[in-house]
Amino acid sequence: MKMKMKPVLILLLACCMIMGTRSAVNATEVATAADDTSAESTTAVSTEPEVPAGFTGMYKLRYYKKGKAVKVKGWKKIDKSYYYFKDNKALTGWKYVRDLSGSRKKYKYYFSKNGKLSQNLFKTFGAKVRKKKMKIFVNLTTHNTTIFLWDKKKKDYVIPAKTWVCSTARDGRSTTPGNFHLSKSSASSWFIYTRSDPYHYYQYKVKIHGTNMLFHSEMYSGTKKNKLVVSTYNDLGKNQTTRCIRSQCGNAYLLYRIAKENKHSIPVRIYRSSNKGPFGKKTLGNSGGRLKKGTRYDPTDPKLHGYKKVY
């Protein structure tokens with residue numbers, strides 16, 4: 001038996017269905033609106049790094065001064081470290097950029113992940129650097145020794161590895177300018193100069209081939225690490241030798257290890273130039289400072305560090 005629905009009942013059911021549909025639509029709209037609000041909140045978050053109002057320094061490769069990002073281009077020294085900025089952002093990795101000292105020359109520098117310039121590739125990359133093809137430069141004007149690595153792309157020694165302070169001939173002439181190469185087979189842990197009375201003792205000697213010039217440490221009064229003649233350490237950066245190139249013990253040891261480990265012929269160039277070099281001029285003042293009178297050892301001596309610091 002078929003049931004007949006009254007028109008009023010049919011109308012009532014239709015109205016309920018329409019209201020239900022509208023409620024569902026409204027619920028969907030509310031949910032969508034909530035999602036949109038969430039999306040708008042996420043988009044609204046600033047992509048700029050948050051730094052304290054008075055902050056001055058580096059943050060996420062950008063330089064801030066009193067809490068505000070500063071436009072920077074080229075080299076900038078921040079907290080004793082160097083950075084190179086391009087488009088207001090510090091560079092990272094290997095980059096060819098102009099000389100830190102201001103010449104038009106471009107070098108291949110290495111910048112760490114935080115943008116800091118590496119001024120010592122031997123420390124940054126370890127023992128493998130000592131075996132690279134390299135050239136030693138000695139600037140008689142600045143009293144600096146610099147090691148450059150060979151760059152295959154440029155086919156030249158344009159990768160500065162390290163610069164350190166040194167001393168050369170007291171007469172200003174006997175450390176002779178010219179092009180030479182390192183006599184690697186001459187490397188020895190001690191060198192005794194017997195023409196003086198008393199004898200002079202030096203650590204980590206390597207001879208420059210075809211000359212009487214040597215690379216070695218400052219002077220000692222005997223063959224023990226606690227026999228340092230402190231005045232010869234404190235005079236690094238001056239003309240104070242007969243003809244040799246005198247360095248802190250740690251740097252003399254680095255050259256000694258290079259001579260022992262490197263299979264390449266190592267050119268040496270001795271020259272005069274007012275240019276301060278790829279890392280700026282190194283002095284005793286920015287290389288650890290003077291030692292107190294009576295100090296009997298060189299703080300860079302590898303013997304004091306278990307020979308672990310070869311850089």
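Reading guide: rules and limits
Residues numbered from 1 in each chain as written. Predicted model: local features only at pLDDT ≥ 70, side-chain atom pairs only at ≥ 80, totals over all residues. Heavy atoms only, no water. Pairing = 2+ DSSP bridges. Helix = DSSP H or I, 4+ residues; strand = E, 2+ residues; numbered from the N terminus. Contact = heavy atoms within 4.5 Å. pLDDT = per-residue confidence, 0-100. Expected span 1.5 Å × (residues − 1). Buried < 20%, exposed > 50% of the residue type's maximum accessible area, 1.4 Å probe, protein only. Core = buried A, V, L, I, M, F, W, Y, C linked by side-chain atoms within 4.5 Å. Salt bridge = Lys/Arg side-chain N within 4 Å of Asp/Glu carboxyl O.

### Observations concerning the sheet that holds strand β6 (residues 89–90)
Line of reasoning, step 1. The three strands lie next to each other as β4-β5-β6, forming an open sheet whose pairing is antiparallel. Single-partner strands in this sheet number two, and they are β4 (74–78) and β6.
Line of reasoning, step 2. Alignment of β4 against strand β5 (residues 81–86), held across five bridges, turns out to be antiparallel. Counterpart to Ile-78 in the pairing with β5 is Ser-81.

### Structural notes on the side chain of Thr-241
Line of reasoning, step 1. Mapped onto the elements, Thr-241 comes out in strand β16 (residues 239–241).
Line of reasoning, step 2. When neighbours within four sequence positions are excluded, Thr-241 is seen to be in contact with Ser-167, Thr-168, Ala-169, Arg-170, Thr-175 and Arg-246.

### Describing the confidence of the model for the protein chain
Line of reasoning, step 1. Confidence in the prediction for the protein chain averages 88 pLDDT; 84% of positions are at 70 or higher.
Line of reasoning, step 2. Throughout residues 1–47 the model reports pLDDT below 50, and contacts reaching past four residues in sequence, or to other chains, amount to two contacts.

### A look at helix α4 (residues 249–261)
Line of reasoning, step 1. If you check α4, its first and last C-alpha atoms are 18 Å apart, about what 13 residues at 1.5 Å a residue would give, namely 18 Å.
Line of reasoning, step 2. Counting buried residues along α4, 10 of its 13 residues qualify, which places the element largely inside the surrounding structure.
Line of reasoning, step 3. Within the sequence span of α4, burial applies to Cys-249, Gly-250, Asn-251, Ala-252, Tyr-253, Leu-254, Leu-255, Tyr-256, Ile-258 and Ala-259.

### With respect to the nonpolar core
Line of reasoning, step 1. Among the nonpolar cores identified, the biggest contains 42 residues, and Ile-136, Ile-147 and Phe-215 are the most heavily contacted of them.
Line of reasoning, step 2. Among the elements that take part in this core, α4 stands out by supplying eight residues, more than any other.
Line of reasoning, step 3. Beyond its immediate sequence surroundings of up to four residues, Ile-147 is in contact with Phe-122, Met-134, Lys-135, Ile-136, Ile-159, Pro-160, Ala-161, Lys-162, Trp-164, Leu-255 and Ile-258.
Line of reasoning, step 4. Counting residues in hydrophobic clusters, the runner-up holds 16 residues, among them Tyr-107, Tyr-109, Phe-111 and Phe-137.

### Remarks on the environment of Ala-187
Line of reasoning, step 1. With respect to the helices and strands, Ala-187 occurs in strand β12 (residues 178–193).
Line of reasoning, step 2. Here the alpha-carbon distance between Ala-187 and Phe-215, two residues 28 residues apart in the chain, equals 9.4 Å.
Line of reasoning, step 3. In this structure Ala-187 touches Lys-205, Val-206, Tyr-256, Ala-259 and Lys-260, once residues within four positions along its chain are discounted.

### Quick notes on the pairing of β5
Line of reasoning, step 1. With respect to burial, β5 is a largely interior element, five of its six residues being buried.
Line of reasoning, step 2. Counting the residues between successive antiparallel strands, the hairpin from β4 to β5 contains two residues, one of them, Asp-79, with a positive phi of roughly 50°.
Line of reasoning, step 3. Looking at chain direction, β5 and β6 are connected through two bridges and run antiparallel. Counterpart to Lys-86 in the pairing with β6 is Lys-89.
Line of reasoning, step 4. Hairpin geometry of β5 and β6 is characterised by an intervening segment of two residues between the two adjacent antiparallel strands and by a positive phi of about 55° at Asp-87.

### Some words on the pattern of salt bridges
Line of reasoning, step 1. Applying the stated rule across the entire model yields six salt bridges.
Line of reasoning, step 2. Between Arg-173 and Asp-171 there is a salt bridge whose closest N-O contact spans 3.9 Å.
Line of reasoning, step 3. Among the ionic pairs, Glu-261 bridges to Arg-257, the shortest N-O distance being 2.5 Å. Of the two residues, Glu-261 and Arg-257 are both situated in helix α4; the distance of four residues between them amounts to about one turn of the helix.
Line of reasoning, step 4. Through salt bridges with shared partners, a single network forms among Arg-130, Arg-257 and Glu-261.

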